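Residue-level structure breakdown
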Amino acid sequence: MFENKTLTCKDCGAEFEFTAGEQEFFASKGFVNEPQRCKDCRNKRKEARRDGRTMHDAVCASCGAECQVPFLPNGERPVYCSECFAKIKAED
């Protein structure tokens, strides 16, 4: 049903492969548009957004370690460091 396609990145102009597996994944998520950027350019955009975030100091509700989170903790919900958050996610 799906076949590999060669696409051109709209940022850097490089050609990249949009594999049949990636197309199947996109379809399963309901995405109708093909990617417009190569993996490198997508990663650069993600980093740029991440770098612009304001980080806030917090204390992990599980281990008590000091950490930083990209939201302002208001005390209504527990805040976890990345290690404890990963452990909790793995248990779900």
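Note that this is a predicted model, so its numbers are computed, not measured. (Residues numbered from 1 in each chain as written. Predicted model: local features only at pLDDT ≥ 70, side-chain atom pairs only at ≥ 80, totals over all residues. Heavy atoms only, no water.)

1. Quick look at the packing of aromatic side chains
Under the definition given, this model contains three aromatic pairs. With a centroid separation of 5.1 Å and 70° between ring planes, the pair formed by Phe18 and Phe26 is classed as edge-to-face. Taken together, a centroid distance of 5.5 Å and an interplanar angle of 80° make the contact between Phe26 and Phe31 edge-to-face. Here Phe31 falls in the partly exposed class, since its relative accessible area comes to 47%. Following the ring pairs from residue to residue traces out a cluster consisting of Phe18, Phe25, Phe26 and Phe31. (Phe/Tyr/Trp six-rings, centres within 6.5 Å; stacked < 30°, edge-to-face > 60°. Buried < 20%, exposed > 50% of the residue type's maximum accessible area, 1.4 Å probe, protein only.)

2. Some thoughts on the nonpolar core
Among the nonpolar cores identified, the biggest contains seven residues, and these are Ala58, Cys60, Cys67, Val69, Val79, Cys81 and Cys84. Filtering out sequence-adjacent residues up to four positions away, Val79 remains in contact with Ala58, Val59, Cys60, Ala61, Val69, Phe71 and Pro73. (Core = buried A, V, L, I, M, F, W, Y, C linked by side-chain atoms within 4.5 Å. Contact = heavy atoms within 4.5 Å.)

3. Here's the deal with the pattern of salt bridges
For the structure on display, the rule yields two salt bridges. In this structure, Glu34 and Lys5 form a salt bridge, with 2.5 Å as the shortest nitrogen-oxygen distance. Residue Glu34 is located in the loop between helix H1 (20-28) and helix H2 (39-51), and its partner Lys5 is located in strand E1 (residues 5-8); the two are separated by 29 residues in the primary sequence. Residue classification places Lys5 among the partly exposed residues on the basis of a relative accessible area of 35%. A salt bridge links Asp11 to Arg37; the shortest N-O distance between them is 2.8 Å. Placement of the pair is Asp11 in the loop between E1 and strand E2 (15-18) and Arg37 in the loop between H1 and H2, with a sequence separation of 26 residues. Classification of Asp11 by relative accessible area gives partly exposed; the value is 43%. (Salt bridge = Lys/Arg side-chain N within 4 Å of Asp/Glu carboxyl O. Helix = DSSP H or I, 4+ residues; strand = E, 2+ residues; numbered from the N terminus.)

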